[in-house]
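Results of the structural survey
Spelled out, the chains give:
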Amino acid sequence: MALAGVRVIELAGLAPAPFCGMILADFGAKVIRVDRTKTGMSLDTQARGKRSVAINLKTSEGISLLKKLCLQSDVVLEPYRKGVMEKLGLGPQELLKENPRLIYARLTGYGQSGSYASAAGHDINYLAMSGLLSRLGRSGEKPYAPLNLIADFAGGGLSCALGIVLALLERERSGRGQIIDASMVSAHSHNNALGNCDRPPIEHVVVKEKGFAEIKPFSSNVLLLSSFSPQVEGAAYVGSFAWKSQSIGMWDRPRGENMLDSGAPFYDTYQTSDGKYVAVGAIEPQFYTQLLKGLDLDPGSLPPQMSFTDWPELRRIFTERFASKSQEDWSQVFDGTDACVTPVLSFGQVSSHPHNQERNSFLTDSNGEESPRPAPVLSRTPAEPSLSSDPFIGEHTVEVLNEFGFKSEDIEQMMTHGVVEGDAIKAKL
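A quick note: this is a predicted structure, and the numbers were derived from the prediction, not measured.

Criteria and thresholds
Residues numbered from 1 in each chain as written. Predicted model: local features only at pLDDT ≥ 70, side-chain atom pairs only at ≥ 80, totals over all residues. Heavy atoms only, no water. Pairing = 2+ DSSP bridges. Helix = DSSP H or I, 4+ residues; strand = E, 2+ residues; numbered from the N terminus. Axes fitted to C-alpha atoms, helices over the stretch in contact; angles between N-to-C directions. Parallel < 35°, antiparallel > 145°, perpendicular 65-115°, else oblique. Contact = heavy atoms within 4.5 Å. Nonpolar A, V, L, I, M, F, W, Y, C, P; charged D, E, K, R; others polar. Buried < 20%, exposed > 50% of the residue type's maximum accessible area, 1.4 Å probe, protein only. Right-handed = clockwise from strand over helix to strand, strands pointing away. Phe/Tyr/Trp six-rings, centres within 6.5 Å; stacked < 30°, edge-to-face > 60°. Lys NZ or Arg CZ within 6 Å of the ring centre and 35° of its normal.

Glancing now at the sheet that holds strand 13 (residues 341-343). What the three strands build is an open sheet, ordered 11-12-13; its pairing is antiparallel. The open sheet terminates on both sides in strands that have one partner only, identified here as strand 11 (267-271) and strand 13. When the angles between neighbouring strand axes are averaged without regard to direction, this sheet yields 25°. Here strand 11 runs beside strand 12 (residues 277-281); their pairing, made up of five bridges, is antiparallel. Each bridged residue has a counterpart across the sheet, and for tyrosine 270 the counterpart in strand 12 is valine 278.

Next up, the structure:
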């Protein structure tokens, strides 16, 4: 695979940093997640292909051990707020001094500088600070915060993964590593893996039990590794099109009244007779013509496509027409055309759709859980995602330390003194 031979140390967290680590693992990197000790469960749902080492970072021996792992690796991925790693003596300047080839990725909130550098936040806050949130929402309604995909994952984890790959490429020329500032914020609990990190304490956490999600008081038996917020710069960069196309008239109207923000009736979703939905994106005239043909509408009896003042009337007509058939009926009408009409598929439907089946767009792991296949698809060195179960905390402690050159007696001594924990037996069960 493309990243075979690259060794990554990922400091455990939630959401963006684990996503970044999973991308690297999917494409062949050896990603070692460093978890805290005395913890029964992990909330990392993006641990595919990773291994877990449990280290007690409240001890000087644990910090020393982590430093040795970092110095023998290609990449360090850390999600803590500004200054935490420096307090441990594991900041980028210290590590790069001893390993100049090291790539040190910092996934923090507002970055390592600026008046908000130490502030807590979440996807919605960083989306707001990027300017993009002001553009999201229906006309006459308040700004609408979508799923935490734009800032957390596109602007955060994915951008960080790109930064790491760029740094690896540049290192081939210069022989030197560098620091990646992906500006993510992580709010730690008062009882987190790094001890007192001067973060506001986390008082509640979302826990899923038996299919139900519930907000519960934080306690010692619930692991909260990190709570992330997205990048301001990353989210804004993802929105470059919205920024740079203002001058061509695409975003000069109020929120929800432009072509691509639900303002246009030919770029929206519509409910079908069975309560499901279809998505319409017939922007270009030739595609719009096919949309009207499929809807059995006479173009001569309708207002012009680009008449802004007539868009509400067009939407009313489209709404009534789409409500007259089921989603499946409309799929039969529009499949094979260029009308840009597709069914809005649920998570339960996507893998059974013929197009997705043909491309093997989704995979099923050893536990029967479905998830997207890694993208993009490389022709010679495609990703080969692991289908094994996600690692238990400390499952690979002994295995990894052996690989890093530690002797069995030294590992046993660290186990005895609580510096590390291993749970390979539990993993086998």
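Attention shifts here to the packing of helix 9 (residues 285-294) against helix 10 (residues 311-322). Interaxial distance between helix 9 and helix 10 falls to 11 Å at its minimum, and their mutual angle equals 45°. In terms of orientation, helix 9 and helix 10 fall into the oblique class. Packed against helix 9, whose contacting residues are Tyr288, Leu291 and Leu292, the element helix 10 presents Leu314, Phe318 and Phe322 at the interface. In the contact of helix 9 with helix 10, the residues fall into six nonpolar, no polar and no charged.

On to the pairing of strand 2 (residues 30-35). In terms of burial, strand 2 is largely enclosed, as five of its six residues are buried. Pairing geometry for strand 1 (residues 7-11) and strand 2, over five bridges, is parallel. For glutamate 10, the partnering residue across the bridge sits in strand 2 and is arginine 33. With respect to chirality, the unit in which strand 1 leads through helix 1 (residues 16-26) into the neighbouring parallel strand 2 is right-handed.

This part takes up the packing of aromatic side chains. Enumeration according to the criterion identifies ten aromatic pairs in this entry. Ring geometry for tyrosine 270 against phenylalanine 318: centres 6.2 Å apart, planes inclined by 80°, an arrangement best described as edge-to-face. A residue pair is termed long-range when its members are at least 10 positions apart, and tyrosine 270 in strand 11 and phenylalanine 318 in helix 10 qualify at 48 residues. Each member of the pair, tyrosine 270 together with phenylalanine 318, is buried. Between tyrosine 270 and phenylalanine 322 the ring centres are 5.1 Å apart and the planes differ by 20°, which places this aromatic pair in the stacked class. On the criterion of sequence distance, the pair formed by tyrosine 270 in strand 11 and phenylalanine 322 in helix 10 is long-range, its members being 52 residues apart. Residue classification places tyrosine 270 among the buried positions, given a relative accessible area of 3%. Three or more aromatic residues joined by ring pairs make a cluster, and in this case those are Phe266, Tyr270, Tyr288, Phe308, Trp311, Phe318, Phe322, Trp330 and Phe334. A cation sits over an aromatic face here: arginine 7 above phenylalanine 404, 4.0 Å from the ring centre. Above the face of the tryptophan 330 ring, lysine 325 is positioned so that its terminal group lies 5.7 Å from the ring centre.

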